[in-house]
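Chains, contacts and geometry: an overview
The chain contents come next:
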Amino acid sequence: MGIKQSRERNLSMVMDFYEMTMSNGYFHNENRDARVAFDVFYRRNPDQAGYSIFAGLQQIIEYIEELHFSEEDIAYLREQQIFEEDFLKYLGDFKFTGDIYAFREGTIMYPNEPILTVIAPLIDAQLIETAILLQINHQSLIATKTKRIVKTAQGRGVSDFGARRAHNMDAAVYGARAAYIGGVGSTATVLAGQMFQIPVSGTMAHSWVMFYRDEFTAFKKYAECYPDNTVLLIDTYDVIKSGIPNAIRVAKEVLEPLGKRLKGVRIDSGDLAYLSKKARKLLDAAGLSDCKIVASNSLDEYTITSLLNQGAKIDSFGVGERLITSKSDPVFGAVYKISAVEENGRFEPRIKVSENVEKITNPGIKEVYRIFDESGKAVADMIAKKGEEIDFTKPVRYVDPIKPWKNRFFERCTGKVLQVPVFLNGVCVYPEESLKEIAEYVNKQLENEIWEEEQRLENPHNHYLDMTPDYYELKMGLLDEVRTQG
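Fair warning: this is a prediction, and the values are worked out from it, not measured in the lab.

This brings us to the overall build of the chain. Within the chain, the regular secondary structure consists of 16 helices and 21 strands. In terms of overall dimensions, the chain has a C-alpha envelope of 85 × 60 × 40 Å along the principal axes. For the chain, buried positions account for 53% of its 486 residues. Summarising the internal contacts of the chain: among those between residues at least 6 apart in sequence, 74% fall at separations of at least 24. Within the structure as shown, the chain displays about 22,600 Å² of accessible surface, and the carbon and sulfur contribution to it stands at 49%. Charge centroids of the chain, computed over 59 positive and 71 negative side chains, lie 8 Å from each other.

Turning our eyes to something else, we now look at the pairing of strand S14 (residues 366-372). Burial analysis of S14 places seven of its seven residues in the buried class, which makes it a mostly covered element. The alternating pattern of S14 places Lys366, Val368, Arg370 and Phe372 on one face and Glu367, Tyr369 and Ile371 on the opposite face, and all of these are buried. Connecting S14 to the antiparallel partner strand S15 (residues 378-385) that follows it, the hairpin turn spans five residues, and Gly376 within it adopts a positive phi of roughly 90 degrees.

Here the focus is the sheet that holds strand S7 (residues 186-187). In space, the six strands of this open sheet follow the order S7-S6-S11-S10-S9-S8, with parallel pairing throughout. Strand pairing shows two members of the sheet lacking a second neighbour, S7 and strand S8 (231-233), which therefore form its edges. With two bridges connecting them, strand S6 (residues 157-160) and S7 associate as parallel partners. Across the sheet, Ser159 pairs through a bridge with Ser186, a residue of S7. Packed onto the sheet, helix H12 (residues 272-285) meets strand S9 (264-267) and strand S10 (292-295) and runs at close to 165 degrees relative to S10.

Moving on, we get to helix H11 (residues 239-255). End to end, H11 covers just 20 Å across 17 residues, shorter than the expected 24 Å (1.5 Å per residue, more than 12% under). Burial in H11 covers these residues: Val239, Ser242, Gly243, Ile244, Asn246, Ala247, Ile248, Val250, Ala251, Val254 and Leu255. Looking at the buried side of H11, the elements it contacts are helix H10 (215-225), S8, S9 and H12. Where H11 starts, the residue carrying a side-chain oxygen 3.1 Å from the main-chain nitrogen of Ile240 turns out to be Asp238.

Scanning the entire structure with this criterion turns up 18 aromatic pairs. On the numbers, 5.9 Å between centres and 65 degrees between planes, the contact of Phe17 with Phe83 is edge-to-face. With Phe17 in helix H1 (residues 17-29) and Phe83 in the loop between helix H3 (71-79) and helix H4 (85-92), this residue pair connects regions lying 66 residues apart in the sequence. Here Phe17 falls in the partly exposed class, since its relative accessible area comes to 41%. Relative accessible area serves as the criterion here: at 8%, Phe83 is assigned to the buried category. Consider the rings of Tyr90 and Phe94, whose centres lie 6.1 Å apart with planes at 65 degrees: the pair is edge-to-face. Taken individually, Tyr90 and Phe94 each receive the classification buried, so the pair is uniform in this respect. Clustering of aromatic rings is evident, with ring pairs tying together Phe17, Phe27, Phe69, Phe83, Phe87, Tyr90 and Phe94. Its end group placed over the ring of Tyr101, Lys386 keeps NZ or CZ at 4.9 Å from the ring centre.

What follows is about the sheet that holds strand S18 (residues 414-417). As summarised here, the arrangement of the four strands in space is S18-S14-S15-S21, forming an open sheet in which the pairing is mixed. Because the sheet does not close on itself, it has two edges, and the strands there are S18 and strand S21 (464-467). Pairs of neighbouring strands in the sheet enclose a mean axial angle of 30 degrees, with direction left out of account. Relative to S15, S14 runs antiparallel, the two sharing seven bridges. Pairing of Glu367 across the sheet is with Ala384, part of S15. Set on the sheet, helix H16 (residues 469-485) makes contact with S14, S15 and S21; between it and S15 the angle comes to about 55 degrees.

All told, the structure shown has 31 salt bridges when counted by the stated rule. Measuring nitrogen to oxygen at the nearest pair gives 3.4 Å for the salt bridge that ties Asp300 to Arg322. Remark: Arg322 occurs in helix H14 (residues 321-324) and Asp300 occurs in the loop between S10 and helix H13 (301-309); sequence separation between them is 22 residues. The partner of Glu343 in a salt bridge is Arg350, and the shortest N-O contact between them spans 2.6 Å. When its relative accessible area of 32% is taken as the criterion, Glu343 is described as partly exposed. Overall, the relative accessible area of 30% leaves Arg350 in the partly exposed class. A network of salt bridges, in which partner residues are shared, links Asp47, Lys145, Arg148 and Glu301.

In this structure, Leu91, Leu116, Val118, Ile128 and Phe317 are the most contacted members of the largest nonpolar core, which totals 127 residues. Look past the residues within four positions of Phe317 in its chain and what remains in contact with it is Ala153, Arg156, Gly157, Val158, Ser159, Ala295, Leu299, Ile304, Leu307 and Leu308. Grouped together as the second largest cluster of nonpolar side chains are ten residues, Ala380, Ala384, Tyr398 and Phe410 included.

Next up on the list: unusual backbone geometry. Phi at Asp47 takes a positive value of approximately 60 degrees, unusual for a residue other than glycine. Locating Asp47 in the fold gives a position in the loop between strand S1 (35-41) and strand S2 (52-53). Given the relative accessible area of 11%, Asp47 is considered buried. One non-glycine residue, Gln81, lies in the positive phi region at around 60 degrees. By secondary structure assignment, the location of Gln81 is in the loop between H3 and H4. By relative accessible area, which is 72% here, Gln81 ends up exposed.

Along the chain, Arg148 turns up in helix H6 (residues 129-152). On the basis of relative accessibility, which here comes to 6%, the residue Arg148 falls in the buried class. Polar contacts involving the side chain of Arg148 include one to the side chain of Tyr302, which spans 3.0 Å. When neighbours within four sequence positions are excluded, Arg148 is seen to be in contact with Asp47, Ala49, Glu301, Tyr302 and Leu457.

Definitions and limits used
Residues numbered from 1 in each chain as written. Predicted model: local features only at pLDDT ≥ 70, side-chain atom pairs only at ≥ 80, totals over all residues. Heavy atoms only, no water. Helix = DSSP H or I, 4+ residues; strand = E, 2+ residues; numbered from the N terminus. Buried < 20%, exposed > 50% of the residue type's maximum accessible area, 1.4 Å probe, protein only. Contact = heavy atoms within 4.5 Å. Areas by Shrake-Rupley, 256 points an atom, 1.4 Å probe, with all protein chains shown as cover. Lys, Arg positive; Asp, Glu negative; His and termini not counted. Charge placed at Lys NZ, Arg CZ, Asp CG, Glu CD. Pairing = 2+ DSSP bridges. Axes fitted to C-alpha atoms, helices over the stretch in contact; angles between N-to-C directions. Expected span 1.5 Å × (residues − 1). Polar contact = N/O pair within 3.5 Å; in protein donor to acceptor, adjacent residues only side chain to side chain. Phe/Tyr/Trp six-rings, centres within 6.5 Å; stacked < 30°, edge-to-face > 60°. Lys NZ or Arg CZ within 6 Å of the ring centre and 35° of its normal. Salt bridge = Lys/Arg side-chain N within 4 Å of Asp/Glu carboxyl O. Core = buried A, V, L, I, M, F, W, Y, C linked by side-chain atoms within 4.5 Å.

Note that every value here comes from positions in space, so none of it alone points to a role or purpose.
This is the structure we're talking about:
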């Protein structure tokens, strides 16, 4: 499964300071063994997409398993002069003891459904908020963006070239992990390849060509070093007048006498559609029809779509800054909200109310069902109360919260509970998966279960999030209580 970067450093202090001040307050004023439930959900898909991809769970698992406060951490907190010694001693012995349920990593997900739920003692649940959110927000964003890019490539290879444009080293490494979940075939980031067994790829930069006195010599030297994998960067000076002729010359004078073929050329600037078409004609005329053309330079799903619509002769794409930063929509927006509090041995639901309707939360401990029709397509997701019995052998009545007056049923459908146990009583019970297995799971869902209309680049079909009648009544009842109190 590769090395785990988080084990080389203590990430336990990656939190907002209010998590520590609230935990201190709970420690001194409340029963810290009382359990609470928090849900992670998000309110909209980035880029106005029809779906998102759940990613980052493995790093959450690693964080929880390694969660502890070192002597240095305790000393730093003591320096803030607001925490008493009994609380600091408690932190020195701290270990997460709660439960976590989540979607399987790689699950296709939709707004306003709980993708991860923490049920844990009050302080346990509070201290892990930031670390959980940053993993989900970052990796889900990059995985989702990548899948959009890969889909528009229409079967052509896509490689992650984003490290040098990422926001920092971790963003490059874990962004590459998320990009592989989203469908790239390789990464240029070596540490990501080492940690996650992602195939690594890369050839030369313009500096290699510029180091030598002429372009042909640069190409010749490279081909002699890597005769089995020669891909030449042909836009340092002039693609048509210099780059392609010198690449063809190397293919004929250096590689073919060795019994080797020129594997590819890369264009990193200029009019990629025009240059790729001209390059293809010249390569074909030289008997190099098997030589691939790779394009890079500020690509994303929109530029790739435009290039292919123009008839560009590009075999694969190297995508960098706009993938690794999700430039067009760089905020995922998952939140962590309390949904229930244990009182007298039972969980009582909590709801957040807002003037903004989209910020009203779904209360209580619940389950999310994915509803499939007879063909195996996911027609909707449905929220139910935890433990609610649903008999799919009969028509299942549901409530559309947007149009609750309509009487609707799922007929001849099946349902699957999406959340699975990840931690129980502080012990990880989630089966370890390879990154390849996660990426394959994403593809399986998109190919077999998710409507093509939801995968459109623009104006995708809206996936329905329905509720069981019992759950809908629970939510409306709480809203009525709030209205009465108000």
